[in-house]
Amino acid sequence: MKWRKGLRAAIGVALCIAGFALACATPYRETTVIVGAGGCRLVTDVVDRGNDDTQGYVVLFHGLAANKKIMSYLARGFASQNLHVFVPDLPGHGRTPGPFSFERAEGCADSFVRELIARRAIDPQRTLLAGHSMGGAIAIRVAARVGVAGVVAISPAPQRVAHGVPPDMLPYTNPPPLPPHTLAISAAFEPLGIRDSTRDLIAGESAATGKYLFMPGATHVSVLGDSRVVRASQEWTAETLKFRAAPSAPSSLPLVGSLAGLAGILLLAGPFVRETMGMQRPSPQAAAADQQNVSGAPPAVPVFRALLETAAVSLLAVVLLGFWDPLSFVRLYNGAYFASFLLIVGFALLLVHHKSVRALWPTKISVLLLASLAGFVLHLLVTGWLDSTFTEAWLSWARWARFPVLFVAALVYLLAEELLLGPAAARGKLARVLLALTLRLIALLALVLGIFVLHSGAILVLLLAVYLALFFLFQRLGMDLVRRQTGSAIAAAVFGAILLAGFCLVIFPVT
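Residues numbered from 1 in each chain as written. Predicted model: local features only at pLDDT ≥ 70, side-chain atom pairs only at ≥ 80, totals over all residues. Heavy atoms only, no water.

Q: Explain the overall build of the protein chain residue by residue, including any values.
A: The helix and strand tally for the protein chain stands at 18 helices and eight strands. Over its C-alpha trace the protein chain gives a radius of gyration of 25 Å, about what one expects of a compact globule, namely 24 Å for 511 residues. Dimensions of the protein chain, computed from C-alpha atoms along their principal axes, come out at roughly 80 × 55 × 40 Å. Sorting the 511 residues of the protein chain into buried and exposed places 55% on the buried side. Of all intrachain contacts in the protein chain linking residues separated by at least 6 positions in sequence, the fraction that spans at least 24 positions is 76%. Here the protein chain contributes 42 positively and 28 negatively charged side chains, and the mean placements of these two sets differ by 9 Å. (Helix = DSSP H or I, 4+ residues; strand = E, 2+ residues; numbered from the N terminus. Rg over C-alpha atoms; globule rule 2.2 N^0.38 Å. Buried < 20%, exposed > 50% of the residue type's maximum accessible area, 1.4 Å probe, protein only. Contact = heavy atoms within 4.5 Å. Lys, Arg positive; Asp, Glu negative; His and termini not counted. Charge placed at Lys NZ, Arg CZ, Asp CG, Glu CD.)

Q: Outline the pairing of strand S2 (residues 40-48), supporting the account with residue identities and numerical values.
A: Among the nine residues that make up S2, eight are buried, leaving the element largely enclosed by the rest of the structure. Of the strand pairs in this sheet, strand S1 (residues 29-37) and S2 are connected by nine bridges, and their pairing is antiparallel. Paired with Arg-29 across the strands is Asp-48, a residue of S2. The hairpin formed by S1 and S2 contains two residues between the paired strands, and Gly-38 there has a positive phi angle of roughly 60 degrees. With four bridges joining them, S2 and strand S4 (residues 83-88) adopt antiparallel strand pairing. Looking across to S4, one finds that Thr-44 is bridged to Pro-88. (Pairing = 2+ DSSP bridges.)

Q: Outline the pattern of salt bridges, supporting the account with residue identities and numerical values.
A: According to the stated counting rule, one finds 20 salt bridges in the structure shown. As a salt-bridge pair, Glu-30 and Arg-76 come within 2.8 Å of each other at their nearest N and O atoms. With Glu-30 in strand S1 and Arg-76 in helix H2 (residues 72-79), the pair connects residues that are 46 residues apart, well separated along the chain. Where Asp-196 meets Arg-199, a salt bridge forms, and the shortest distance between an N and an O atom there is 3.0 Å. (Salt bridge = Lys/Arg side-chain N within 4 Å of Asp/Glu carboxyl O.)

Q: Tell me about a nonpolar patch on the surface, residues and numbers included.
A: On the surface, a cluster of nonpolar side chains totalling about 840 Å² of accessible area is made up of Leu-315, Val-319, Phe-323, Trp-324, Leu-449, Phe-452, Val-453 and Leu-454. Contributing elements (two or more residues each) for the nonpolar patch: helix H9 (303-321) and helix H15 (429-452). Considering the arrangement of structural elements, one finds Leu-315 in helix H9. (Patch = residues over 30% accessible without salt bridge, like charges linked within 9 Å, V, L, I, M, F, W, Y side chains within 5 Å. Areas by Shrake-Rupley, 256 points an atom, 1.4 Å probe, with all protein chains shown as cover.)

Q: Summarise the sheet that holds S2; cite the residues concerned and give the values.
A: Pairing between the strands of a sheet is mediated by backbone hydrogen bonds and can be parallel or antiparallel. One open sheet accounts for eight strands, arranged S1-S2-S4-S3-S5-S6-S7-S8; its pairing is mixed. Strands with a single pairing partner mark the edges of an open sheet, and in this sheet they are S1 and strand S8 (211-219). Each neighbouring strand pair of the sheet contributes to a mean axis angle of 20 degrees, computed without reference to strand direction. Where strand S3 (residues 56-61) and S4 come together, four bridges link them in parallel fashion. When the sheet's bridge partners are listed, Tyr-57 is paired in S4 with His-84. Against the sheet, helix H4 (residues 134-145) makes contact with S3, strand S5 (127-132) and strand S6 (150-154), and its axis sits at roughly 150 degrees relative to S5, the strand it touches most. (Axes fitted to C-alpha atoms, helices over the stretch in contact; angles between N-to-C directions.)

Q: Tell me about unusual backbone geometry, and name the residues and values.
A: Here Gly-98 and Pro-99 are connected by a cis peptide whose omega angle stands at 10 degrees. With respect to the helices and strands, the residue Pro-99 is situated in the loop between S4 and helix H3 (102-118). A positive phi angle, close to 60 degrees, is found at Arg-120, a residue other than glycine. The residue Arg-120 is located in the loop between H3 and S5 in this model.

Q: Provide a residue-level description of the packing of helix H14 (residues 403-421) against helix H18 (residues 489-507), including the pertinent values.
A: How two helices pack is summed up by the angle between their axes together with the distance between the axes. At their nearest, the axes of H14 and H18 sit 7 Å apart, and the two run at 135 degrees to each other. Here H18 runs oblique to H14, going by the angle between their axes. Seen along the crossing, H14 lies across H18 with a hand that is right-handed. Per-class residue counts for the contact of H14 with H18 are 18 nonpolar, two polar and one charged. (Parallel < 35°, antiparallel > 145°, perpendicular 65-115°, else oblique. Left-handed = near helix turned anticlockwise from the far one by under 90°. Nonpolar A, V, L, I, M, F, W, Y, C, P; charged D, E, K, R; others polar.)

Set out below in structure tokens:
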């Protein structure tokens, strides 16, 4: 047994070391500057090959809930053509402070391009504007007002009511005429009619100088690391700026390194949590309370009843949030709505099972402190790693200030979830995880109903559903480990709430 633990630790450490070496190895020069423009102070990465022999310029805008670092693969693809690439964090994203709104993001992007022109950092006749999702729509809108050589719009956000997209889901309306020399790219699997609306951009007169490309097998997010998208963008740039170039996608090794290191951290996370929580054994009362049918411990709620209750209170929460968002003061785009949803659903479930709530409480303060320590350390390790290799995930003080409210909302929901799941001994390990994930899927479906039927809700939850699913899986595994080690539902909920609150602060823009 000891040799297995040692081997697991050695593999985890080796993955982290190798991953860091791969993630940080790049032939490109990347400099971070702050550009003040129109009342906006945009933290910007400038990416190039490290020489002065430039063939042109690209201004690259990220999408909603993204940041400049996650655009690195595309930026390096442009830079490999001896182009100077400017990638700003839009307001409320990454390192740039808020507030965020779609209007302010567009206004700051417009001022940013004009400021670069005024400083002669770019030549508009040798410049392309590019962007993904929201950034793609911004690139089109800014290019229509500022004369540039062309546009690369990757899965641009819709700007017209069409293909089932209701008007209240449009980030921008009144779309301008499509700028000349626009390349529009969409993936096979796009949400909210983006694929069809992107294809519609290249029609009529715009087809004379524009081009539409369809990427089979790609998703709205995977296009950011798709070599086909990079090569198509390189070909379009060379054609528009009239220089010869052999399209060649940058190395994917930095992305491989980032994922390898993350896998290493996750391998080490289990033993870390086990050892941390093993420092404090559960009290006799907590241990007894977490055994099946012992000392008046609340029994596990039957599966069908748990599913039905979760569905009912989730629908109720979505209806209530259509009239009133109690946590709107948190000022996170979609994040306040999501936190309010967790709070209402959790509170309602605890109210339904109020007679069983008291049995959750016998827990030592030292156990809660260790669970909190484990949660914070894991959050800092994962976000620190991602921030240094893949995406800007390190929280600013402005985001940390919102942590207490999100923590409380997550804690209420996760306490209710622990109550529905029952004692650790009441179900098998796999059955417990599957039931918890099913309960969360039901809640997510209620949120989707709120988006498409009630025309309210957190659209980002849908756009980031894959990442939420992966996070929920690993978070739930960690919570179950804490529950088994301590016998405490509250300790498990505290551990999970720290991770969930931190995750929300990473992905939701500051408004």
